[in-house]
Each structure stands twice: as structure tokens, then as C-alpha cells.
Amino acid sequence: KSSGEMKPSPRGLSMNEAQWSVFVENAAAVDAAVEDGGGKGGFVVELSGSARRVTVEQYKGTTTISLREFYQKDGKWLPGKKGINLTTAQWQTLYSNLGSLKQAFADASA
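Let me begin by describing the structure that accompanies this report.

Thresholds applied
- Throughout this document, residue positions are counted from 1 along each chain, in the order its sequence is written.
- Where totals are concerned, whole chains, interfaces and linings use all residues; where local detail is concerned, this predicted model gives features only for residues with pLDDT of at least 70, and gives and counts side-chain atom pairs only at 80 or more.
- Only hydrogens and water are removed before side-chain values are computed, so all heavy atoms of the structure are retained for them.
- Note on conventions: DSSP H or I runs of at least 4 residues are helices, E runs of at least 2 residues are strands, and numbering of each starts at the N terminus.
- For helices, the fitted line uses only the C-alpha atoms of the stretch in contact; every axis is such a line through C-alpha atoms, and the angle between N-to-C directions lies from 0 to 180 degrees.
- It is the rotation of the near helix from the far one that decides the hand of a crossing: anticlockwise by less than a right angle makes it left-handed, clockwise makes it right-handed.
- Two residues form a contact once any of their heavy atoms are found within 4.5 Å.
- Under the convention adopted here, Pro, Cys and the residues Ala, Val, Leu, Ile, Met, Phe, Trp and Tyr are nonpolar, Asp, Glu, Lys and Arg are charged, and Gly plus all remaining residues are polar.
- Strands were regarded as paired on the criterion that DSSP finds at least two bridges between them.
- For salt bridges, the criterion is a side-chain nitrogen of Lys or Arg within 4 Å of an Asp or Glu carboxyl oxygen.
- For every residue, the accessible area obtained with a 1.4 Å probe (protein chains only) is divided by the maximum for its type, and the residue is called buried under 20%, exposed over 50%, and partly exposed between those limits.

### Focus on unusual backbone geometry
The residue Lys-60 is not glycine, and still its phi comes out positive at about 50°. In this structure, Lys-60 sits in the loop between strand 2 (52-59) and strand 3 (62-73). Residues other than glycine seldom take positive phi values, yet Asp-74 does so here, at roughly 55°. By secondary structure assignment, the location of Asp-74 is in the loop between strand 3 and strand 4 (76-86).

### Topic: the packing of helix 1 (residues 17-35) against helix 2 (residues 88-96)
Between helix 1 and helix 2, whose axes approach to 11 Å, the crossing angle comes to 145°. Helix-helix and strand crossings are classified by hand; for helix 1 and helix 2 the assignment is left-handed. Along the contact surface, helix 1 presents Phe-23, Ala-27, Ala-28, Val-30, Asp-31, Val-34 and Glu-35, while helix 2 presents Thr-88, Trp-91, Gln-92, Leu-94 and Tyr-95. By residue class, the composition of the contact of helix 1 with helix 2 is eight nonpolar, two polar and two charged.

### Focus: the pairing of strand 3
Taken together, the eight bridges between strand 2 and strand 3 define a ladder with antiparallel strand orientation. Looking at the pairing, Val-56 lines up with Ile-65 of strand 3. Linking strand 2 back to strand 3 in an antiparallel pair, the connection comprises two residues, with Lys-60 at a positive phi of about 50°. Note: strand 3 against strand 4, eight bridges, orientation antiparallel. Residue pairing in the sheet places Leu-67 in a bridge with Ile-84 of strand 4. Remark: two residues form the turn of the hairpin made by strand 3 and strand 4, two consecutive strands paired antiparallel; Asp-74 in that turn has positive phi of roughly 55°.

### Thoughts on the sheet that holds strand 2
Sheets are built from strands paired through backbone hydrogen bonds, the pairs being either parallel or antiparallel. In spatial order, the strands read 1-2-3-4; together these four strands make up an open sheet with antiparallel pairing. Edge strands, defined here as strands with exactly one partner in the open sheet, are strand 1 (43-46) and strand 4. For this sheet the average axis-to-axis angle between neighbouring strands, irrespective of direction, equals 35°. The sheet contacts of helix 1 involve strand 1, strand 2 and strand 3, and relative to strand 1 the element is tilted by about 170°.

### A few points about the pattern of salt bridges
Side-chain pairs of opposite charge can arise where the charged atoms are in close proximity. A complete count under the given rule lists two salt bridges for this structure. Residue Arg-53 is joined to Glu-46 by a salt bridge in which the shortest nitrogen-to-oxygen separation is 3.6 Å. On the accessibility criterion, Arg-53 (12% relative accessible area) is buried. The class of Glu-46 is partly exposed, set by a relative accessible area of 49%. When the shortest N-O distance is used, the salt bridge between Arg-52 and Glu-69 registers 2.9 Å. Placement of the pair is Arg-52 in strand 2 and Glu-69 in strand 3, with a sequence separation of 17 residues. Arg-52 gets classed as buried once you look at its relative accessible area, which sits at 15%.

Shown next as C-alpha cells:
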């Protein structure tokens, strides 16, 4: 925007407190899966009773980390439009700043 104001896109993904807690609790396991390249068949964490998931898998020879909403079609879970894909470098930045993010979330919830 010309004003310099940043706004989320309609495809962004927000997390409620329960989903954030599950994400934080599983961040080390996600990081291990990233180091392993997603392992055989990929790695999935479901975010607290929703269709939102964190996945680590190989895509065209590159490890990708996806925080995404999924939907069910014909009995199969498929990735939806809402979410974000991260490179391993972007994941490492997010993971290394998790402490600051946890504090910011705690401050916002207070």
C-alpha cells in the first residue's frame, strides 16, 4: 500500500489460543521433521480440533513447511487456499523467534 500500512491477505491463517498452544508444544517435533526432510510420507500436526495442520514434506526435492487449512473431499484430506508455505530458512527464522512470539501472544492475551 502507498501508505506503508501492512494488512493480512485473505489467504492468511490465524490461530486461536488452543491452536497456538498445540503449535508451540509441537514446534520442536516440527523442527526435527524439517531437519529430517519430512521423513517418509511427511509429518503432520493437527492444530487442536480443527482442519488446520502443520505439515513437513518434500515438494520437488525441497523440504516445505506448510501451515494450512485442509478440507475433506471424497474421504481424503486436501490442502486449502488459506495458509502459508515456508522454506526451511523461513521456518528456522520463525522457530528461532518462537520465544518472542510466545511472549507477544501472552501480552496480547492479557
